[in-house]
Amino acid sequence: MNFQNKKPTKHKKIASPDGNVGVSKRTPKIWVEADLRDLDFDVYYLELGFNKERGKGFLTVARSAIQAPGEVLKELLDKGAALPFDKKAAKLLVEEAFQKTARRRKSITRRCGWAKDRSYVRPDFTVGPRTGTLSLHETAIDREIDSRKGNASEWRDGLRGACLASSYLSFGIGIAYGAPLLAVLGEDEGAIFNFHGESSTGKSLLGRACQSGFARARKNDVATYNLSGPGLDQLCFARNDLVMVLDEEGTAEGNRQKRREDIRKIAFTVPGGRGKIIDKNYRREREMVEPTWRLFAISSGESPLEDKAIGNVRASGERVRHIDIRVPKREKNGIFNRLEGKAKDRKSAAAGHAAAVEAALADNYGVALEPYLVALIQTDPDQFEARVRSLVEDFIREVGADTDAWEQRFAKKFGIVLAGMVLAAERDLAPWTVDHARWSVKRIYRIARRSVVTTEEAANDVLNKLGEALAQKGFIPQLPEGKKLPSKYRGKAIGFRRTHRTLGTIVALDPKWLEEMVGSSAGAIAVRDHFLASGIAVKDSDGNRHPQISVEGFDGKKRARWICFDEATLRSSITAVTSGDEPS
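Residues numbered from 1 in each chain as written. Predicted model: local features only at pLDDT ≥ 70, side-chain atom pairs only at ≥ 80, totals over all residues. Heavy atoms only, no water.

## Concerning the confidence of the model for the chain
Interpretation of the predicted coordinates at a detailed level should be avoided for regions scoring low in pLDDT.
Step number 1: Residue-level pLDDT values for the chain average 89, and 90% of them are 70 or greater.
Step number 2: Ignoring residues within four places in sequence, the model shows residues 1-23, a span with pLDDT below 50, making 48 contacts including any to other chains. (pLDDT = per-residue confidence, 0-100. Contact = heavy atoms within 4.5 Å.)

Quick look at the structure:
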């Protein structure tokens with residue numbers, strides 16, 4: 001901006017009353033660093049650069065400040081600018097700065113995440129075509145938390161051992177890699193993944209490890225449930241196209257009913273992507289952007305979100321938005337579920353991994369997201385979107401969730417996380433392998449799916465039906481080893497009874513019948529896992545959930561796969577359900 005063709009005056013330092021030279025010993029200098037356009041409100045600013053006693057500083061002022069340079073002086077002084085002591089000389093220095101052309105043109109926004117032209121904005125960087133020309137508004141930056149330390153490779157290497165010992169930790173960190181893909185898929189609804197279980201099992205550590213990929217992650221850097229409505233909106237907006245971490249549900253205030261209502265509001269507000277609607281003129285006067293977002297979130301607490309025993313049952317819409325994931329007990333090593341060996345050795349290894357994570361988070365944070373985003377942006381847009389969709393759709397099919405709309409919606413959240421984890425692993429930017437990512441996400445998905453109360457309800461319905469089948473002739477006949485299914489029962493029988501050499505007295509059930517009963521493959525898997533976890537169903541000696549048993553007369557192969565129940569336990573469970581008691 002050349003307002004005059006006037007040669008700038010060379011300033012001499014002016015002595016202050018105490019005999020020192022100026023306010024600072026450094027030569028005063030002010031310049032227009034950038035001509036700024038505010039994309040949120042389509043107004044313009046100037047970014048002034050200036051010498052400080054040590055280094056440089058920057059100040060953003062309204063473009064109209066050109067007409068009132070004297071008003072800028074106080075702001076410059078408050079920012080630590082080295083200015084002449086004499087007010088007239090200082091004012092003249094500002095005037096001369098305004099007469100010069102800005103060194104560059106930039107745009108600013110208060111909204112983190114994806115911008116136009118496949119650029120991505122964070123407080124400390126912008127990647128994509130608008131690198132260097134688009135940045136976040138100063139009011140949208142928390143300089144302490146939105147900071148960085150160390151480097152991405154040390155962060156990755158420091159977490160690798162712990163991640164390979166934990167499906168939970170891998171999945172938790174992976175949520176940050178999946179969140180930017182919501183926009184790629186045009187997916188406006190996010191999800192909150194709620195990790196619940198005993199204290200000191202690694203739930204909070206998991207959330208902090210996730211946050212460390214893009215920000216500082218000390219214990220006090222993570223938000224808690226004790227947030228006001230505006231505070232929640234502000235935090236979600238600041239984590240747009242990324243992850244918000246909420247720690248410790250127990251910090252929510254009020255009685256049980258109030259806490260339940262507050263959590264329910266969070267379940268719909270956070271994944272829904274919109275905060276409280278504020279009058280447009282009111283927002284503009286206060287430079288407030290409409291609080292909308294698209295993100296994933298992590299929450300944690302000791303209690304599950306749903307507990308049928310106390311009447312806390314959620315609607316299906318809440319279940320798919322705020323997803324419960326049970327963390328193993330301390331005696332089972334908490335989040336470090338992949339450890340093997342004696343209990344004492346596993347406990348020691350878990351403590352070692354937790355300490356390694358703490359060390360990695362202290363030495364390296366805020367450095368993992370940028371190289372991942374750069375790698376994504378450098379990929380051909382069409383090929384990139386097709387690959388992400390393929391990874392998500394393949395996961396949905398693999399877990400059997402492609403036959404029901406609710407199941408698809410539920411499984412898709414996990415598929416998006418998997419896509420991010422795979423893309424990061426393929427580029428050696430994550431502390432896990434591709435195979436480990438696939439195993440971990442499938443494992444966490446299955447745990448989450450059977451945490452839904454409808455799994456227990458469906459299991460009880462299945463027990464009722466099995467009770468009816470066992471009471472009627474021909475549906476589950478006794479078939480000793482070597483005996484064929486009688487022809488008169490073919491097309492009718494859904495399984496058989498037998499004394500097995502290793503499994504004992506069993507009821508073997510056709511998996512296809514279970515799927516038909518539950519209504520989806522994913523639901524059937526959840527019900528089967530529920531039966532296994534409760535000891536009603538049994539695995540074979542190799543740990544197979546569907547033991548292979550030789551029997552003739554049923555459709556399919558002679559040696560087919562069956563869901564096997566311990567007959568005595570099954571019958572007692574059926575009796576408990578039909579009599580109105582909970583099965584043991």
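## Thoughts on the sheet that holds strand E2 (residues 43-51)
Step number 1: An order of E3-E2-E1-E4-E8 is seen for the 5 strands of this open sheet, with the pairing classed as mixed. In this open sheet, the two edge strands, each paired with only one partner strand, are strand E3 (56-62) and strand E8 (134-136). Here the strands of the sheet are splayed against their neighbours by 35° on average, with no regard to which way each runs.
Step number 2: Judged from the 7 bridges that link them, E2 and E3 form a sheet pairing that is antiparallel. Residue pairing in the sheet places phenylalanine 50 in a bridge with glycine 57 of E3.
Step number 3: Contacts from helix H1 (residues 69-78) reach strand E1 (30-38), E2 and E3 within the one sheet, and its direction differs from that of E3 by about 145°. (Pairing = 2+ DSSP bridges. Helix = DSSP H or I, 4+ residues; strand = E, 2+ residues; numbered from the N terminus. Axes fitted to C-alpha atoms, helices over the stretch in contact; angles between N-to-C directions.)

## A few points about the nonpolar core
Step number 1: Judged by nonpolar contacts, the single largest core of 89 residues is most densely connected at Phe171, Leu181, Phe193, Ile325, Tyr372 and Phe414.
Step number 2: Ignoring anything within four residues of it in the chain, the contact list for isoleucine 325 reads Tyr168, Phe171, Phe193, Asn194, Phe195, His196, Ile444, Ile447 and Ala448.
Step number 3: If you look at the next biggest cluster of nonpolar residues, it comprises 24 residues, including Ala458, Leu514, Val527 and Val577. (Core = buried A, V, L, I, M, F, W, Y, C linked by side-chain atoms within 4.5 Å. Buried < 20%, exposed > 50% of the residue type's maximum accessible area, 1.4 Å probe, protein only.)

## A few points about the sheet that holds strand E15 (residues 504-509)
Across a sheet, strands are paired by hydrogen bonds formed along the backbone, either parallel or antiparallel in direction.
Step number 1: Strand order across the open sheet formed by 4 strands is E14-E15-E19-E16, with antiparallel pairing between neighbours. The sheet terminates laterally at strand E14 (495-500) and strand E16 (537-538), the two strands that pair on one side only.
Step number 2: Both E16 and strand E19 (residues 563-566) contribute to a ladder of 2 bridges, which runs antiparallel. Each residue of the ladder has a partner; that of valine 538, found in E19, is cysteine 564.
Step number 3: Against the sheet, helix H19 (residues 567-578) engages E14, E15 and E19, with an angle of about 80° to E19.

## Some points on the pattern of salt bridges
Step number 1: Applying the stated criterion across every chain, the model contains 43 salt bridges.
Step number 2: For arginine 216, the salt bridge identified is with glutamate 144, shortest N-O distance 3.8 Å. Residue arginine 216 is located in the loop between helix H6 (203-212) and strand E10 (223-224), and its partner glutamate 144 is located in the loop between E8 and helix H3 (152-164); the two are separated by 72 residues in the primary sequence.
Step number 3: According to the relative accessible area criterion, glutamate 144 is exposed, its value standing at 54%.
Step number 4: Taken together, the shared-partner salt bridges connect Arg156, Asp157, Arg160 and Asp428 into one network. (Salt bridge = Lys/Arg side-chain N within 4 Å of Asp/Glu carboxyl O.)

## Considerations on unusual backbone geometry
Step number 1: Phi is positive for aspartate 42, which is not a glycine, with a value near 55°.
Step number 2: For aspartate 42, the position within the fold is in the loop between E1 and E2.
Step number 3: With relative accessibility at 45%, the residue aspartate 42 sits in the partly exposed group.
Step number 4: Backbone geometry at aspartate 241 places phi at a positive 60°, although glycine is not the residue there.
Step number 5: Residue placement: aspartate 241 occurs in the loop between helix H7 (229-238) and strand E11 (243-247).

## Some remarks on the packing of aromatic side chains
Step number 1: In total, this model carries 16 aromatic pairs according to the counting rule given.
Step number 2: For the ring pair tyrosine 177 and tryptophan 432, a centre distance of 5.7 Å and an interplane angle of 85° mean the geometry is edge-to-face. Pair noted here: tyrosine 177 is in helix H4 (residues 167-178) and tryptophan 432 is in the loop between helix H14 (405-426) and helix H15 (434-451), with a separation of 255 residues, a long-range link. As far as burial versus exposure is concerned, tyrosine 177 and tryptophan 432 are alike and both buried.
Step number 3: With centroids separated by 5.5 Å and ring planes inclined at 65°, the aromatic side chains of phenylalanine 193 and phenylalanine 296 adopt a geometry described as edge-to-face. (Phe/Tyr/Trp six-rings, centres within 6.5 Å; stacked < 30°, edge-to-face > 60°.)

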